[in-house]
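# Observations on chain architecture
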Amino acid sequence: MSFFLEHAGKQVVPLWYDGEDCNLNPNNIFEVIHAADGTVAHHAQSASVADAQAAVDAAQAAFSTWSATSIPERRAVLLKVADLLTERADVLGVMQARETSSAPSYGSYLAKVASANIREVASQITTACTGSLPPDQSTTIMVTKQAIGPVLIISPWNSPTVLGPRSIAAALAAGCTVVLKASELCPRTYRMLCQVFADAGLPRGVLNQIVVKRDDAPSVTEAIISHPAIRKVEFIGSAAVGSLVAQTCARHLTPILLELGGKAPAIVCRDANLAKAAATCAFGAFVHHGQICMSTERIIVVQEVSEEFSKLLKKEVNEKWYHGAGSAATTAFATKAHALLDEALRDGAEYLAGENTYIDEAKTSLRPTIVTKLARDSRLRDLESFGPSATLYVVENEDEALRVANDSAYGLSGAIWTSDVMKGLALSKKLECGMVHVNAGTMADFPTMAIQGVKGSGWGSNNGVYGIEEFLVTKSVTLQG
């Protein structure tokens, strides 16, 4: 399938709801840019308020049937989705690359990660949906779990082949129907992902996709959230936009699950495997051009081993990453990341490795860079760069390392490097992050673990049984003879 409709010689990704591609509105079509070379990849239809409401109506109409669908039937659909994601991983990777300038292998890999995640979700539906029978002397009490209702999922551009399917699968497993507001940067990738669910046997109207150009996003998003049928929102993206979406939800008393950005710290203790820590920190900082919410942005090393570790880190950057870490999804993202490091250098920071230069004519690809001696009031200290860079801090001991790591508005993911596993566990309890990885990178992710943030990184959980539970509500029923 092409997933395009033609208009005036343009290939346009249409809106897709109630199981059908929707007719195009020529007055509301926008360009999708391949930033790495500045060309137009294709075009996409932007949703109006009326389109958004129609997508919600479709989800509402499908809810009564889907929520009553048996758990084995829901599980069978999700397992088929997992199979199809694996089969189509390479095609999805190519499309993600075309729209977001990522490496094709990155999108392909993430589609396979999504497949594993969805298998875990499918295996946990019964557990998540099982209620309880609390005791009482005179009354029989049943606490049941039910789907919360139709939901809005707002999914980002940076890792669509995993973040989209993961969120959709959890909601569907719970018995919810979905309106997916896909990123305007990669509408065709999301349309292909929606087709995976349709081809797996998902009934029409259970999953619906809209895309909105940036200028219209606030009004269209508000129209969806304010619709009385929408019972919950999931947002994955930046803290700045997440705050605005959460405020909209608050006005309408609509609960929201937020997975926001981070400023992930990696603490390197005096007894760490320094070579492995250096290699893993560099990978965590640079892969996918640093455009991952769990990217390693702060590396905090104990002074006793700082000289040796710095040499290893510099060697890692210069020998393995010198030729680049890919491209930003837009020139604006690369410009922001470049400007943040330039500003830090003007305020007294120094390069340890790299020099924050563009390495392509389109100015979307930055040289991987590590900076040190960052000023206390530098914006880079606690602002997510979303570029291929990290800051190195040298501290006196592990206690100071914790203070530096926790001196952040964010708390998504962190890492601790030590040969003493019990010390790593003790430190993990004090590190203010929703996920802590001892002797692994900040981007470690397993289908059975909860993905969640604290502080400014959001609230609520994704993955496995934790993700399904986000879309369930309890209902207490009492029986008396």
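Residues numbered from 1 in each chain as written. Predicted model: local features only at pLDDT ≥ 70, side-chain atom pairs only at ≥ 80, totals over all residues. Heavy atoms only, no water.

## Description of the UniProt feature "active site" (unreviewed entry) in the chain
The UniProt feature table records "active site" (unreviewed entry) at Glu-259. Along the chain, Glu-259 turns up in strand S12 (residues 256–259). When sequence neighbours within four positions are dropped, the list of residues in contact with Glu-259 reads Arg-166, Phe-235, Ile-236, Gly-237, Cys-293, Ile-451, Ser-457 and Asn-462. (UniProt positions renumbered as here; feature names shortened; annotations may be inferred. Helix = DSSP H or I, 4+ residues; strand = E, 2+ residues; numbered from the N terminus. Contact = heavy atoms within 4.5 Å.)

## What to know about the pairing of strand S14 (residues 296–302)
Summarising burial for S14: seven of the seven residues are buried, a large majority. Bridging between strand S13 (residues 264–268) and S14 involves five bridges; their strand directions are parallel. Note on S14: the bridge partner recorded for Val-268 is Val-301. This β-α-β element, S13 to helix H10 (residues 274–286) to S14, shows right-handed connectivity. Taken together, the five bridges between S14 and strand S17 (residues 389–395) define a ladder with parallel strand orientation. Counted as the bridge partner of Val-302 is Val-395 from S17. (Buried < 20%, exposed > 50% of the residue type's maximum accessible area, 1.4 Å probe, protein only. Pairing = 2+ DSSP bridges. Right-handed = clockwise from strand over helix to strand, strands pointing away.)

## A word on the sheet that holds strand S5 (residues 29–34)
The strands making up a sheet associate through backbone hydrogen bonding, with each pair oriented either parallel or antiparallel. Strand order in the open sheet formed by four strands is S1-S2-S6-S5, and the pairing between neighbours is mixed. At either end of the open sheet lies a strand with only one pairing partner, and these are strand S1 (5–7) and S5. If you compare each strand with its neighbour and ignore which way they point, the axes differ by 45° on average. Judged from the two bridges that link them, strand S2 (residues 10–13) and strand S6 (residues 39–45) form a sheet pairing that is parallel. Residue pairing for S6: Val-13 is matched across the bridge by Ala-44. Packing of helix H3 (residues 89–100) onto the sheet brings it into contact with S5 and S6, and relative to S6 it is tilted by some 100°. Relative to the sheet, helix H7 (residues 187–199) contacts S2, S5 and S6, its axis offset from that of S2 by approximately 55°. (Axes fitted to C-alpha atoms, helices over the stretch in contact; angles between N-to-C directions.)

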